[in-house]
Amino acid sequence: MAKAQRQVQEKLKQVDIVFEIVDARVPESSRNPVLDQIIQQKPRLLILNKADLADPHKTAAWISTYEKAGQPAIKLDAQHKQRLPQIEKAARSILADKIERQKQRGIRNPLIKAMCIGIPNVGKSTVLNRLLSKNIAKTGNKPGVTKNQQWLKASDHLALLDTPGILWPKFDDPEVGTKLALTGAIAENIYHPDDVAVFALDFFRAQYTAAITKAYQLTAQDLTLPAPELLLALTKKWGLKDDYDRGSDRLIQEIRKGRLGRYTLDLPPKEADEA
Ligand code: GDP
């Protein structure tokens, strides 16, 4: 970790702005606070990617929360959009003073140097590919930054490091780990599927009651069952007898594929207080 952190830190020195990419379904749980320590005063644009999978109201609430805290943030669907002009636009706005100063010094076309950074699976490579309009090799998921990288131009005004900075997922808090597992951000072998499934049932029953009721045709009584019992009932319904693990896996896969619709697992601060 220390080496990965040093590598990212080294690259940070070379950029004007950092594009911190997070998963809009877990905008806080998919961050690693180590970035706050190493980034220091460097300007940052927070990109809530996979917004197509997230609850649009909660995404709007999160963006407003970040903006109020002085952190510029945008939502993004990098998967389905061929071009992402909003990123350069936001970067130019964040760096407006610097760009103006450069122009006054006679630099006619100031170039913004940026790097994408984030934990695995938030869509860093997808964003980079779209910005650079070409297929760059997948960088793998090892924290740090690949050696021998180079600057690539996304436009006349924006250059990007050709490989993203990879932070490790941070989940000292078990609930953060569970949320990352549910979205597919962390590997299958480091969580118990039944813990994730039980969390998911409780969460969706509380937050997305109509969606889960409809998808699994739950009765009023089902809705009052303790989550482990409800999981067992669904497992039986799916013909998996009492194979809790397979039932859990099925539920997790279905939620990931959007069977229960769009959802956000990190509640924006006001809603979290109310919950
Ligand atoms: P990285 O590990 O951060 O570089 O993530 P990738 O770019 O490899 O993306 C991880 C997975 O998420 C891939 O299957 C992508 O196709 C998918 N993905 C990336 N961006 C989006 C998005 O905006 N929406 C959706 N639905 N999927 C996305």
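Keep in mind it's a predicted model, so treat the numbers as computed, not measured.

Some details on the site of the ligand
At step 1: Around the ligand, the surrounding shell holds 17 residues, and the nearest of these are Asp52, Gln79, Lys124, Ser125 and Thr126.
At step 2: One nitrogen or oxygen atom from the side chain of Asp77 is found 3.3 Å from an oxygen atom belonging to the ligand.
At step 3: Between an oxygen atom of the ligand and a side-chain N or O atom of Ser125, the distance comes to 2.7 Å.
At step 4: No other element matches helix α6 (residues 124-132), which puts 3 residues into the shell around the ligand.

Some thoughts on the packing of aromatic side chains
At step 1: By the definition in use, this model includes 7 aromatic pairs.
At step 2: Aromatic side chains Phe203 and Phe204 sit 5.9 Å apart centroid to centroid with 75° between the ring planes, which places their arrangement in the edge-to-face category.
At step 3: Take Phe204: its relative accessible area is 0%, and that puts it in the buried class.
At step 4: Of the aromatic side chains, those joined through ring pairs into one cluster are Phe199, Phe203, Phe204, Tyr208 and Tyr263.

Re unusual backbone geometry
Negative phi characterises most residues that are not glycine, and trans characterises most peptide bonds.
At step 1: One non-glycine residue with positive phi stands out, namely Lys50, at about 60°.
At step 2: Locating Lys50 in the fold gives a position in the loop between β2 (44-49) and α3 (56-68).
At step 3: For Lys241, which is not a glycine, the phi torsion comes out positive at approximately 50°.
At step 4: Looking at the element boundaries, Lys241 is found in the loop between α11 (227-237) and α12 (244-256).

Some words on α6
Owing to its 3.6 residues per turn, the α-helix aligns residues three or four sequence positions apart on the same side.
At step 1: Taking burial as the measure, the 9 residues of α6 include 8 buried ones, the bulk of the element.
At step 2: Along α6, the residues classified as buried are Lys124, Ser125, Val127, Leu128, Asn129, Arg130, Leu131 and Leu132.
At step 3: Note on α6: the residue one or two positions beyond its end, Ser133, has a positive phi of about 50°.

Description of empty space enclosed by the protein
At step 1: One pass over the full model with this rule turns up 1 cavity of 30 Å³ or more.
At step 2: Together, Asp16, Leu95, Lys98, Ile99, Gln102, Pro110, Leu111 and Ile112 line the largest cavity.
At step 3: Take the lining of the largest cavity: its biggest share by element is 3 residues, from helix α5 (residues 96-104).
At step 4: Class assignment for the residues of the lining of the largest cavity results in 5 nonpolar, 1 polar and 2 charged.

Observations regarding the packing of α11 against α12
At step 1: Running from N to C, α11 and α12 cross one another at 90°; their axes reach a closest spacing of 9 Å. The angle between α11 and α12 falls in the class roughly perpendicular. Within the contact between the two elements, α11 uses Pro228, Leu231, Leu232 and Thr235 and α12 uses Tyr244, Gly247, Ser248 and Leu251.
At step 2: Of the residues assigned to the contact of α11 with α12, the class counts are 5 nonpolar, 3 polar and no charged.

Side note on the confidence of the model for the protein
At step 1: Overall, the prediction assigns the protein a mean pLDDT of 91, with 94% of residues at 70 or greater.
At step 2: The complex model carries a pTM of 0.93, and its ipTM stands at 0.99.

Some details on the side chain of Glu20
At step 1: Within the secondary structure, Glu20 sits in strand β1 (residues 17-23).
At step 2: When sequence neighbours within four positions are dropped, the list of residues in contact with Glu20 reads Arg31, Leu35, Arg44, Leu45, Leu46, Ile47 and Ile117.

Examining the UniProt feature "binding site: GTP" (unreviewed entry) in the protein
At step 1: The feature "binding site: GTP" (unreviewed entry), as given by UniProt, occupies Asn49, Lys50, Ala51, Asp52, Asn121, Val122, Gly123, Lys124, Ser125, Thr126 and Gly165 in the numbering adopted here. On the basis of their most widely separated C-alpha atoms, the annotated residues across 117 residues do not gather in one place, lying as much as 23.6 Å apart.
At step 2: With a relative accessible area of 3%, Asn49 lands in the buried category.
At step 3: Its place among the elements puts Ala51 in the loop between β2 and α3.
At step 4: Given the relative accessible area of 10%, Ala51 is considered buried.
At step 5: Apart from the residues lying within four places of it in its own chain, the contact partners of Ala51 are Ala24, Lys75, Leu76 and Arg262.

Reading guide: rules and limits
Residues numbered from 1 in each chain as written. Predicted model: local features only at pLDDT ≥ 70, side-chain atom pairs only at ≥ 80, totals over all residues. Heavy atoms only, no water. Near = heavy atom within 4 Å. Polar contact = N/O pair within 3.5 Å; in protein donor to acceptor, adjacent residues only side chain to side chain. Helix = DSSP H or I, 4+ residues; strand = E, 2+ residues; numbered from the N terminus. Phe/Tyr/Trp six-rings, centres within 6.5 Å; stacked < 30°, edge-to-face > 60°. Buried < 20%, exposed > 50% of the residue type's maximum accessible area, 1.4 Å probe, protein only. 1 Å grid on protein atoms, 1.4 Å probe; cavity = no way out; pocket = protein on both sides within 12 Å on 5 of 7 lines; lining within 4 Å. Points joined across faces, edges and corners; volume = space filled by probe spheres on them. Nonpolar A, V, L, I, M, F, W, Y, C, P; charged D, E, K, R; others polar. Axes fitted to C-alpha atoms, helices over the stretch in contact; angles between N-to-C directions. Parallel < 35°, antiparallel > 145°, perpendicular 65-115°, else oblique. Contact = heavy atoms within 4.5 Å. pLDDT = per-residue confidence, 0-100. UniProt positions renumbered as here; feature names shortened; annotations may be inferred.

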